[in-house]
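Understanding the architecture of this molecule
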Amino acid sequence: MKIGMLTSGGDCQSLNAAMRGVAKTLYNNTNDVEIYGFLDGYKGMITKNYKLMKEEDFSGILTEGGTILGTSRTPFKYINEPDEEGRDKVAGMIKTYKDLKLDCLVMLGGNGSHKTAALLSQKGLNVVTLPKTIDNDIEGTEMSFGFQSAIDVATRTIDEIHTTAASHSRVFIVEIMGHKTGWLTLHSGIAGGADIILIPEIPYNVNEVLNTIKKREKQGKKFTIIAMAEGAISDEDAKLSKKELKEKIKTYTFPSVAYQLSDELQKRAGQEVRVTIPGHVQRGGIPSASDRTFATRIGVEAAGLILRKEYGNMVCIKDGKFSKIPLEEVAGKTKMVNADNELIRQAESLGISLGRKA
Ligand code: F6P
């Protein structure tokens, strides 16, 4: 059996754990498996840049962050445009698959990468995928690997900010990744005891944010921690059309949403506000124990799909159990936090403000 394997899109802590899970299960359950690792994502498949993996390549990597295969972004919107060398990307990938006489391609990736996986599957390639992202925004699965490790990093940042915020009686904004969704901010905000959590799915009202800070002051709480998603948006901006918003954003001089809110809060409340952005640290370092276990188990399930020839599917978690979902049901969708998500209700019950008007 010949398997192609690649990691695509932004990396995360437990990619190696997941690949190891796939490989060990395959080696353990069949005598006849060759794994071709494509280097730097789909790019390696387009340019036929690969490494014939040895069993030992998958040893000792469980605790290693990043990806032993390297990764890159191959935006789907340009998939039908030739690459820098003038190569047809889709034709290149199909040719590589055929030249190497692969039985299946295993792709570990996030939202965008799943569009390409679904396209290759439509074109007749056998594809099995694993949901990878710190954003946890892949449609069709309750959990992606990488997410739990990133929650730990973001939470630790909020934890560490608490002491300095308290000493200086300051407002702190911790800007958290998550792309267009608020999963990471919501989970780490609750875990870190943030007082205000701002996510893209619930546009925030600046006055409401100010009111919460003032209310806390009256209660003798001199500091406030705001966990703010990188994609958070004010209710004023949310009212604009896409085009109007694009124009408005061009006029912004701040490097990110947290700095913009910080400026507004300082101007309106005259209060000291500081911004902390953990950034790519959230994707780096050693995977957490729970993430390692989860990624390993996803790997085992993916190998099961390959061995049973259940191609065209992503491994997923549905109702808390491992399952599979067809790629066409995953591709092109984003799993957002619904306003009726129980995390929202629970956060508000705790007294955390989500910045929306009461
Ligand atoms: O999708 C993972 C993610 O880390 C997002 O949270 C973030 O918006 C984006 O990738 C950052 O991308 P890049 O690594 O290309 O800067």
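This write-up is about the structure you can find in this document. (Residues numbered from 1 in each chain as written. Predicted model: local features only at pLDDT ≥ 70, side-chain atom pairs only at ≥ 80, totals over all residues. Heavy atoms only, no water.)

Per the secondary structure count, the protein includes 13 helices and eleven strands. Against the compact-globule benchmark of 21 Å for 358 residues, the protein has a radius of gyration of 22 Å, which places it among compact chains. Counting the 358 residues in the protein, one finds 54% classified as buried. For the protein, long-range pairs separated by at least 24 residues make up 73% of all intrachain contacts whose partners lie at least 6 apart in sequence. Total accessible area computed for the protein in this model is approximately 16300 Å², and 48% of it derives from carbon and sulfur atoms. (Helix = DSSP H or I, 4+ residues; strand = E, 2+ residues; numbered from the N terminus. Rg over C-alpha atoms; globule rule 2.2 N^0.38 Å. Buried < 20%, exposed > 50% of the residue type's maximum accessible area, 1.4 Å probe, protein only. Contact = heavy atoms within 4.5 Å. Areas by Shrake-Rupley, 256 points an atom, 1.4 Å probe, with all protein chains shown as cover.)

Before going further, it helps to spend a moment on the site of the ligand. Within the structure, the ligand sits among R73, I134, D135, M177, G178, H179, E230, H280 and R283. Separating an oxygen atom of the ligand from a side-chain N or O atom of R73 is a distance of 2.9 Å. R283 places a side-chain nitrogen or oxygen 2.8 Å from an oxygen atom of the ligand. Using a 2 Å cut-off from the grid points, one finds that the ligand occupies the second largest pocket. Partitioning the shell around the ligand into residue classes produces two nonpolar, three polar and four charged. (Near = heavy atom within 4 Å. Polar contact = N/O pair within 3.5 Å; in protein donor to acceptor, adjacent residues only side chain to side chain. 1 Å grid on protein atoms, 1.4 Å probe; cavity = no way out; pocket = protein on both sides within 12 Å on 5 of 7 lines; lining within 4 Å. Sits in = over half its atoms within 2 Å of the grid points. Nonpolar A, V, L, I, M, F, W, Y, C, P; charged D, E, K, R; others polar.)

Taken together, the side chains of F254, Y259 and I277 make up a nonpolar region of the molecular surface, amounting to roughly 240 Å² of accessible area. Following the sequence through the fold, Y259 ends up in helix 10 (residues 257–269). (Patch = residues over 30% accessible without salt bridge, like charges linked within 9 Å, V, L, I, M, F, W, Y side chains within 5 Å. Salt bridge = Lys/Arg side-chain N within 4 Å of Asp/Glu carboxyl O.)

When the terminal C-alpha atoms of helix 4 (residues 111–122) are compared, their 17 Å separation across twelve residues agrees well with the 16 Å that a helix rising 1.5 Å per residue should span. Taken residue by residue, helix 4 has N111, S113, H114, T116, A117, A118, L119 and L120 as its buried positions. Buried residues in helix 4 make contact with helix 2 (42–46), helix 3 (89–99), strand 4 (104–109), strand 5 (127–131), strand 10 (313–318) and helix 12 (327–330). Within two residues after helix 4, G124 carries a phi angle of roughly 105 degrees, on the positive side. (Expected span 1.5 Å × (residues − 1).)

With that settled, the discussion passes to the sheet that holds strand 3 (residues 50–52). In spatial order, the strands read 3-2-1-4-5-10-11; together these seven strands make up an open sheet with mixed pairing. The sheet is open, and its two edges are formed by strand 3 and strand 11 (321–326), each paired on a single side. Across this sheet, the average inter-strand angle for adjacent strands is 25 degrees, counted without regard to direction. Where helix 1 (residues 15–29) meets the sheet, its contacts fall on strand 1 (2–7), strand 2 (34–38), strand 4 and strand 5, and the angle it forms with strand 1 comes to roughly 175 degrees. (Pairing = 2+ DSSP bridges. Axes fitted to C-alpha atoms, helices over the stretch in contact; angles between N-to-C directions.)

What follows deals with the packing of helix 5 (residues 147–168) against helix 11 (residues 289–307). How two helices sit against one another is set out by the angle between their axes and by the gap between those axes. Put simply, helix 5 and helix 11 touch, their axes get as near as 7 Å, and they point 170 degrees apart. Taken together, the axes of helix 5 and helix 11 lie roughly antiparallel to each other. Crossing of helix 5 over helix 11 shows left-handed handedness. Along the contact surface, helix 5 presents F147, Q148 and S149, while helix 11 presents S290, D291 and F294. When its residues are assigned to classes, the contact of helix 5 with helix 11 shows two nonpolar, three polar and one charged. (Parallel < 35°, antiparallel > 145°, perpendicular 65-115°, else oblique. Left-handed = near helix turned anticlockwise from the far one by under 90°.)

With that settled, consider the sheet that holds strand 6 (residues 171–176). With parallel pairing, the four strands of this open sheet are ordered in space as 7-8-6-9. Two strands close off the open sheet at either side, each with one partner strand: strand 7 (196–198) and strand 9 (273–276). Across the sheet, the mean angle from the axis of one strand to that of its neighbour is 20 degrees, orientation sign disregarded. By the bridge criterion, three bridges tie strand 7 to strand 8 (residues 224–229) in an arrangement that is parallel.

With that out of the way, let us pick up helix 3. Residues K89, V90, G92, M93, I94, T96 and Y97 constitute the buried set of helix 3. On the buried face of helix 3, the contacting elements are strand 2, helix 2, strand 4 and helix 4. Near the N-terminus of helix 3, the side chain that reaches the backbone nitrogen of V90, with its oxygen 3.2 Å away, is that of D88. Once helix 3 ends, the next one or two residues include K101, with phi positive near 55 degrees.

Counted by the stated rule, this structure contains 16 salt bridges. D11 is the salt-bridge partner of R283, the closest N and O atoms lying 3.0 Å from each other. Placement of R283 in the loop between strand 9 and helix 11 and of D11 in the loop between strand 1 and helix 1 is noted, with a sequence separation of 272 residues between them. Note on D11: relative accessible area 22%, which makes it partly exposed. Several salt bridges converge on common partners, so that one network encompasses K48, K95 and D99.

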